[in-house]
Structures are given as C-alpha cells and as structure tokens.
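The residues making up each chain are set out below.
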Amino acid sequence: MREKYSVYCPATRAGQKLVGYKLEFLILQRRAEQSSMDENSSSSSPLLPLHESSSSSSSSASTLKSVLTVKNLLILSGPLLCSLICLFVKLDGGKMLGVLAWVFVWWLTEAVPMPITSMSPLFLFPLFGIASSDDVARSYMDDVISLVLGSFILALAVEHYNIHTRLALNITLVFCGGDPVNPQLLLLGICGTTAFVSMWMHNTPTTVMMMPVATGILQRLPSGEGFCKAVVLGVIYSATIGGMSTLTGTGVNLILVGMWKSYFPEADPLSFSTWFFFGFPMALLLFFALWAILCLAYCPRGSAHTLSAYLDRAHIKRELDLLGPMAFAEKMVLAVFSALIVLWMTRSITDDIPGWGSLFNDRVGDGTVSVMMATLLFIIPNKKQQGEKLMDWNKCKKLPWNIVLLLGAGLAIADGVRTSGVADVLARTLDFLGQTPYLAIAPTVCVISGFMTELITSNNATTTILVPLLIQIAKNMNVHPLLLMVPGAIGAQFAFLLPTATPSNVIGFTTGHIDVKDMLKTGLPLKLAGTLALAILMPTLGWSPCLCQPQNWTTLKPIQYPFFLTHVYILSGRPAALSFLY
C-alpha cells in the first residue's frame, strides 16, 4: 500500500520524480506534434486558396439574403411606388400623388417607424417642388400642435400624481351600489370614468392608465366571467367615445380643426366650445348605447349574486384608503386643469356673447391657453421638497412625440393636397356622393370612413386621407364642407371591430379577457348606433347654431324633417356665407 501510494501521491519523493518525468514527456510529445503539423500545412497549402470562389459566392449569397428582407422590401416599396406614379401618371399634382403613396405605404406597413415617417414631408415636399421647407415646417408648429403639447403636459401631471386612479376609485365606489354589488351600476361607473378622463386626454394614454384600474377591480373575479369582458370592452370603447366630445380627446378632432383652418383661413375657426356643443351630445348618446349593449350581452340579472362572492365595497374602499388624503400638489394640478377647461369653454361663446378672447382682439387660440396653463405647472411649488415644482422637464420625457409629429404630418399633407390640385383629382372617385339624398350624406360618409379605419389601422391616417377629398366634394356639391368633414372625422373613430384598429383595442385585447368574437359582438351594434346618432345630430345640432351656421345665406329651401319636428336646409344655390370656398 505504501509503494502504491508513493506512485500516485506527489507528496512523496518517488511520486514527485514520476510526475516530473511524465510532465516532461508530455511537453516534448506536444512540441513534436505541433512541428509536424506546421510542416505538413506549409508543404501542402498552395500560395492561393483553392476554394476562394465558393467561399465568396456563399458570402455574397448571405449578404444578398440579409439585404432582401421583408422589412427592406417594404422600405423600398415607398420610393418605388412614388417613382412609378411620377413617371406614368399624367395628372395635375402627380408628384404630390406620388409623395402621398410613399408616405402612406410607410405609414400602413410601418416599414419605417411612424414618427420618422411623419417627418418625411419635411424633406419630400421641398425635393419634389411641392412646397418650400419653411412652409412645411410651419405645419409642425401650428396652434393645434400647441394645444396638443400643453394638453399632454397636463395629462402627464395628472398621471404623475395618480389623480386618475383616485378619481376612478371614487366614482366606482359611488356607482357599485350596496350589497350585493350592482354590476350594471359598477360598469356604468368604470365606463363613465374612462370616458370623462378621455375627454381631456388622448385615447391611448387614457386606456393605458385606466386598464390597470379596471383589471385591479377584476383580479378577484374568475377569468371567464362575462363581467370581465364587459369591463375591458367598456374601457377601450369608452376611451374612444369620450375622446369624440372634445378637441383634445383625440388626434382626429385636432386634425379636423387643423384642416378646417388650413383650407378656410377666412372662416370662423372651430373653437373648443363650438365642438363641445356638438360632440358632447353625440358622445353621450353613443355612451349610453355602449352601456346598454354591454349590459344586455354580459350582465344578466343573476350576475349580482355571482359578483358579490368576489367583489365588495370594502375592497374598493381599501384601495382608496391606501392613496391617503389629497396632497397640496394634487389639489393644485386639479385647480390648473379646471381653470384650463373654463378658459377653453369661455374663450369664444356666441356671436352675441363674446368670450374673453375678444379682449385680445381674438388673437388668442386654444393652444395659447393650453401652453400658458401648462407653464404654470413649472412655476407653482409642490410643497414636497424645497424648490421643487409641480412638474419638471424630466417628468415630460414621456411626451408622446409620435402623436405630435403625426399631427404635423397630417397638416402638412393637407396643405400639399390643397395647393397641388390632387384633391380635385381624387374627389372624382367619390362623385357618387353628389347623387346621394341630402339626409343620407352624413351616414354614407360615416360608413365609408368607418370601413376605412378598420383596414388602415390608424384613425388619424384615415382622417388625413379622407377629409381633404370630402372638402373638395363639398365644394362641388355646393354644401357646407363641415357637413361632410364632421361625419368623415367621426366615422374614422368608429374603430370598434378589430383588435388592430386602434392602440386602445390592442391594449384591451392583450389583457386576455376578450377575443375577436367579443369585439365583433359589441362593436358591430355600437358602430350602427353611432352612425344612427350621427344621422340624427348632423341635421339638427350640427346645423345651427353649433357647427354649420347658415348666416346670410341667400337661397335656402326648408324641408320638413318629420321625425324631429325641425327644419333641415338644403342649398339650392351658392351661399354668400361660403364665398371663401370659391
């Protein structure tokens, strides 16, 4: 045992000698093998590689494969389609038509990120001789853009101080009823809160903020419960409906206002209050239609006892108590936000009762007020830390610049379509609207726009494409442009059928509570209800005194509208009030 141990254990003298001999032998053997390999390689290898052609061909094939990807082909399709249109389409404004094809291909395929595509008119318009760089750049800092920027900063302040969660829980606590929980009232409270928040914020941020609140309420319920489907559908659709009622609620309304100002600078602008008097009743009708559809489909009479086993007022009250009392900063943000709403509503009231904007010779716009009130957030202290204000620029890094750039691109494209003559060419494809009965114009335009928005996957892009065409058609028909523009813009917001139609739908779809079948089941009757509501309101509230005011019109033919005991006026000649159209 001792001799055996001495062989394998380097601690002994004999073992150390054996290990040393073994290591020396291995080193010499390794050197000999290396030298023989070097000699063989040097003697057998030629001066030039024999397989250079095969290796180069394989590398070129891999390079070609990396270049010819689907993404790169989609990127090339934009300029390629533009070149084909410019070469072979011999029409007025052919270059503008090619640029439109380029931009819309990139928008629809997202081959290039949408914010970058939205900046492409800044270089495409000057290069193709459509407009100067200064003229295009002005569209990206319009009063409408100022309105958006100020509103987004205020929305970020609301989100930062968690005011939306407090508001949602308070309203839900009020509407949940007693014991057992009333699911219809609770659904009304959740949807009503979402719609109210969406009136002052963009649809997508509203959905992003309200969906966690809604799913937090539903986390105790079984995943297959019908009430869960109703709440998720209610949040995504209420965000869309609430955005219709105000100018700041959605980018579509802002694009509409910007195009109205761009095409008809001599006309009275669409102010916040002007749109609100029409948009709010429209949204209210659609909201109650949504609530009724969800209650009939997902909230049967016996659902109250089922929900009471999982959800009660105590749970909601605990969530509210965790937020604690309102701090000074929250109160000041609410005060600034409330003051902004009052200033928006009173800047321009009626012709007989001028608003406070007349004190400044009507040089003040809604964007002026929005930026001014947003600036106050950077001045008023929050009383949490010494020298700290309600907002700082680090909190504004989440500003949705993609929406701002998209709005700027929409305004730039509207100017290009107007000045290049493309609107006249494209409007001929919708000439059949001229043969449509007057009372059917609004629902027909709404249906066309609503169908387009499901396919284009962007209600802002749908509005940008369709509204300039509707303006030209209105000129050809000798009707007020807003009678076509408003249904086109509102119809573009009726994206209720597919998950990919709007980002809000995507957010709701990713919760796992709903599927395409649920969206079709709720979205189709909601789309029909919206079209019917628009058909009712356009000849009534949409006529006078809200939107299309027939002031000084010389030839008007009154036609009795029996369902609502009012008069709808049809133009029988060219109105003097619309002389700026011609």
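Every value quoted in this text rests on a predicted model; they were computed, and no experiment measured them.

1. Digging into the overall build of the protein
Item 1. The secondary structure content of the protein amounts to 26 helices and two strands.
Item 2. Going through the 582 residues of the protein one by one, you find that 49% of them count as buried.
Item 3. Long-range pairs, those at least 24 residues apart, make up 75% of the contacts in the protein between residues at least 6 apart in sequence.
Item 4. Of the roughly 28,100 Å² of accessible surface on the protein, a fraction of 64% belongs to carbon and sulfur atoms.

2. Structural notes on the pattern of salt bridges
Item 1. The tally for this structure, following the rule as stated, stands at six salt bridges.
Item 2. For the salt bridge of aspartate 135 with arginine 138, the shortest nitrogen-to-oxygen distance reads 2.5 Å. With aspartate 135 and arginine 138 both in helix α8 (residues 133-139) and three residues apart, this pair spans about one turn of that helix.
Item 3. Overall, the relative accessible area of 42% leaves aspartate 135 in the partly exposed class.

3. Points about the packing of helix α9 (residues 143-160) against helix α19 (residues 366-376)
Item 1. Taken N-terminus to C-terminus, the directions of α9 and α19 make an angle of 30°; their axes are 7 Å apart at the nearest point. The angle between α9 and α19 falls in the class roughly parallel. Considering how the two elements wind past one another, α9 and α19 form a crossing that is left-handed. Across the interface between the two elements, Asp143, Ser146, Leu147, Gly150, Ser151 and Ile153 from α9 touch Asp366, Gly367, Thr368, Ser370, Val371 and Ala374 from α19.
Item 2. Taken together, the residues of the contact of α9 with α19 break down into four nonpolar, six polar and two charged.

4. Section: empty space enclosed by the protein
Item 1. Applying the stated rule across the entire model yields three cavities of 30 Å³ or more.
Item 2. The computed volume of the second largest cavity comes to approximately 50 Å³.
Item 3. Looking at the lining of the second largest cavity, the elements that each hand over two or more residues are α9, α14 (251-263) and α20 (401-420).
Item 4. In terms of residue count, the dominant contributor to the lining of the second largest cavity is α9 (three residues).
Item 5. For the lining of the second largest cavity, a count of residues per class yields five nonpolar, five polar and no charged.

5. Notes on unusual backbone geometry
Item 1. Of note in this structure, glutamate 110 is not a glycine but carries a positive phi near 55°.
Item 2. Summarising the element assignment, glutamate 110 is placed in the loop between α5 (94-109) and α6 (114-118).

6. Focus on a nonpolar patch on the surface
Item 1. Side chains of Leu64, Val67, Leu68, Leu73 and Leu76 sit close together on the surface and give an oily, nonpolar patch of about 470 Å² of accessible area.
Item 2. Classification of valine 67 as partly exposed rests on a relative accessible area of 46%.

7. Description of helix α11 (residues 183-198)
Item 1. Between the first and last C-alpha of α11 there are 22 Å, a value that for 16 residues agrees with the 22 Å anticipated at 1.5 Å per step.
Item 2. α11 sits mainly inside the fold: twelve of its 16 residues count as buried.
Item 3. For α11, the set of buried residues is Pro183, Leu186, Leu187, Leu188, Gly189, Ile190, Cys191, Thr193, Thr194, Ala195, Val197 and Ser198.

8. Regarding the packing of aromatic side chains
Item 1. The final tally for this structure, using the stated rule, is nine aromatic pairs.
Item 2. With 6.3 Å between their ring centres and 50° between their planes, tyrosine 263 and phenylalanine 264 make a pair best called tilted.
Item 3. For tyrosine 263, a relative accessible area of 9% gives the class buried.
Item 4. For phenylalanine 264, a relative accessible area of 2% translates into the label buried.
Item 5. Every member of this aromatic cluster is reached through a ring pair, and the members are Tyr237, Phe494 and Phe496.
Item 6. The ring of phenylalanine 328 carries the charged tip of lysine 383 above its face, separated from the ring centre by 4.4 Å.

9. Focus: the packing of α5 against α20
Item 1. Packing of α5 against α20 leaves a shortest axis separation of 10 Å and a crossing angle of 155°. Regarding the angle of α5 to α20, the classification is roughly antiparallel. Between α5 and α20 lies a crossing of left-handed hand. Within the contact between the two elements, α5 uses Met96, Leu100, Val103, Phe104 and Trp107 and α20 uses Leu406, Ala409, Ile413, Gly416, Val417 and Ser420.
Item 2. Taken together, the residues of the contact of α5 with α20 sort by class into nine nonpolar, two polar and no charged.

10. Section: the confidence of the model for the protein
Item 1. The predicted model of the protein averages 75 in pLDDT, with 74% of residues at 70 or higher.
Item 2. Within the protein, no element has a lower average pLDDT than strand β1 (residues 556-561), which sits at 32, and none a higher one than helix α7 (residues 121-127), at 93.
Item 3. Overall, residues 41-45 carries pLDDT values under 50, and its contacts beyond four positions in sequence, including any with other chains, amount to zero contacts.

11. Quick word on the side chain of threonine 246
Item 1. Topologically, threonine 246 is positioned in the loop between α13 (226-244) and α14.
Item 2. Here the side chain of threonine 246 touches methionine 199 through a polar contact of 2.2 Å, landing on its backbone oxygen.
Item 3. Those residues in contact with threonine 246 that sit more than four places away from it in its chain are Met199, Trp200, Asn253, Phe272, Trp275 and Phe276.

Conventions and cut-offs
- Residues numbered from 1 in each chain as written.
- Predicted model: local features only at pLDDT ≥ 70, side-chain atom pairs only at ≥ 80, totals over all residues.
- Heavy atoms only, no water.
- Helix = DSSP H or I, 4+ residues; strand = E, 2+ residues; numbered from the N terminus.
- Buried < 20%, exposed > 50% of the residue type's maximum accessible area, 1.4 Å probe, protein only.
- Contact = heavy atoms within 4.5 Å.
- Areas by Shrake-Rupley, 256 points an atom, 1.4 Å probe, with all protein chains shown as cover.
- Salt bridge = Lys/Arg side-chain N within 4 Å of Asp/Glu carboxyl O.
- Axes fitted to C-alpha atoms, helices over the stretch in contact; angles between N-to-C directions.
- Parallel < 35°, antiparallel > 145°, perpendicular 65-115°, else oblique.
- Left-handed = near helix turned anticlockwise from the far one by under 90°.
- Nonpolar A, V, L, I, M, F, W, Y, C, P; charged D, E, K, R; others polar.
- 1 Å grid on protein atoms, 1.4 Å probe; cavity = no way out; pocket = protein on both sides within 12 Å on 5 of 7 lines; lining within 4 Å.
- Points joined across faces, edges and corners; volume = space filled by probe spheres on them.
- Patch = residues over 30% accessible without salt bridge, like charges linked within 9 Å, V, L, I, M, F, W, Y side chains within 5 Å.
- Expected span 1.5 Å × (residues − 1).
- Phe/Tyr/Trp six-rings, centres within 6.5 Å; stacked < 30°, edge-to-face > 60°.
- Lys NZ or Arg CZ within 6 Å of the ring centre and 35° of its normal.
- pLDDT = per-residue confidence, 0-100.
- Polar contact = N/O pair within 3.5 Å; in protein donor to acceptor, adjacent residues only side chain to side chain.

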